[in-house]
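# A look at the structure
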Amino acid sequence: MPRFALPFLSLLLAAQVSAAPKLPDRVILVGDSTMASTTGYGDALCARFTPETSCLNLARGGRSSGSFRAEGRWDEVTKLLKDGALFRKTYVLIQFGHNDQPGKPGRSTDFVTEFPANMKRYVDEARALGGVPVLVTPLTRRSFKDGYVHNDLAPWAATVRDVARATKTPLVDLNALSLAAVQAMGPQEADKLARTGANFDYTHLGPAGAERFSSIMARELARRVPALAADMRGVR
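The following paragraphs examine the structure supplied in this document. (Residues numbered from 1 in each chain as written. Predicted model: local features only at pLDDT ≥ 70, side-chain atom pairs only at ≥ 80, totals over all residues. Heavy atoms only, no water.)

## Considerations on the overall build of the protein
Looking only at helices and strands, one finds eight helices and seven strands in the protein. Along the first, second and third principal axes, the C-alpha atoms of the protein reach 85 × 35 × 30 Å. Taking all 236 residues of the protein together, 50% fall into the buried category. A fraction of 73% describes how many contacts in the protein between residues 6 or more apart in sequence connect residues 24 or more apart. About 11,700 Å² of surface is accessible on the protein, with carbon and sulfur atoms providing 58% of the total. With 31 positive and 23 negative side-chain charges, the protein shows a separation of 5 Å between the mean positions of the two kinds. (Helix = DSSP H or I, 4+ residues; strand = E, 2+ residues; numbered from the N terminus. Buried < 20%, exposed > 50% of the residue type's maximum accessible area, 1.4 Å probe, protein only. Contact = heavy atoms within 4.5 Å. Areas by Shrake-Rupley, 256 points an atom, 1.4 Å probe, with all protein chains shown as cover. Lys, Arg positive; Asp, Glu negative; His and termini not counted. Charge placed at Lys NZ, Arg CZ, Asp CG, Glu CD.)

In structure tokens form, the structure reads like this:
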């Protein structure tokens, strides 16, 4: 082969690589009702991503870190991860805690042994299948006592932080961020974030709550996972 042909071939290959379409990213949401459609912030968060970015809200109401797997819902996630060739990266946001608390038959997990092991297992399996796990501490309930938000999820949030540190996993500390936001707005304003009518409670979200907490999630997600910032509209 003539020597002059080598630079030409190099330029041709470089042009082909640069002309190849850029693969989009994918985001999968895994969690409970505070992340799920109609009752949580998940759909509103998905709406904050660019149209090119695939965002799937697989969170389901009433699920714990144990029952989500036991019902086969995690199998849906692993199947998607195995079929990820069309995406540059798949980010798996994992948030549990509400239904892991005591008093929920078939859902509660042991706080000392099961809950941390379950969260670590989700991280390990997502990573083994090429996904990028992101842990999310549980959204605070908006219950006030003596003028302060009663954060009954604090121990579960602390455990998720510990798992994130131990596994070197990106963490969105939604519990701390939502607690600060709710405390600052006070009970009357916080009540406006709930579903209205007979569905009112201090845990689940109406449209205003979904918008508020998805905004907090998007900003912190861009900060904690900088590679995702370009996939979100209005967040840099």
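## Some words on the environment of L23
For L23, the position within the fold is in the loop between α1 (5-19) and β1 (26-31). When the C-alpha positions of L23 and G147 are compared, they lie 49 Å apart, and in sequence the two are 124 residues distant. In this structure L23 touches A85, L86, F87 and R88, once residues within four positions along its chain are discounted.

## What to know about the packing of helix α5 (residues 114-128) against helix α6 (residues 154-167)
For any two helices packed against each other, one specifies the inter-axial angle together with the distance between the axes. Interaxial distance between α5 and α6 falls to 10 Å at its minimum, and their mutual angle equals 40 degrees. With respect to α6, the element α5 is oriented oblique. Relative to α6, the crossing made by α5 is right-handed. Side by side, α5 and α6 meet where F115, P116, M119, K120, V123 and R127 of the first sit next to W156, T159, V160, V163 and T167 of the second. Here the residues of the contact of α5 with α6 sort into seven nonpolar, two polar and two charged. (Axes fitted to C-alpha atoms, helices over the stretch in contact; angles between N-to-C directions. Parallel < 35°, antiparallel > 145°, perpendicular 65-115°, else oblique. Left-handed = near helix turned anticlockwise from the far one by under 90°. Nonpolar A, V, L, I, M, F, W, Y, C, P; charged D, E, K, R; others polar.)

## A short note on the pairing of strand β4 (residues 132-136)
Burial analysis of β4 places four of its five residues in the buried class, which makes it a mostly covered element. Bridge count between strand β3 (residues 90-95) and β4: four bridges; the pairing is parallel. Bridging from a neighbouring strand, V92 pairs with P133 of β4. Viewed along the sheet, the connection from β3 through α5 into β4 turns out right-handed. Sheet analysis places β4 next to strand β7 (residues 171-172), joined by two bridges and oriented parallel. Counterpart to L135 in the pairing with β7 is L171. (Pairing = 2+ DSSP bridges. Right-handed = clockwise from strand over helix to strand, strands pointing away.)

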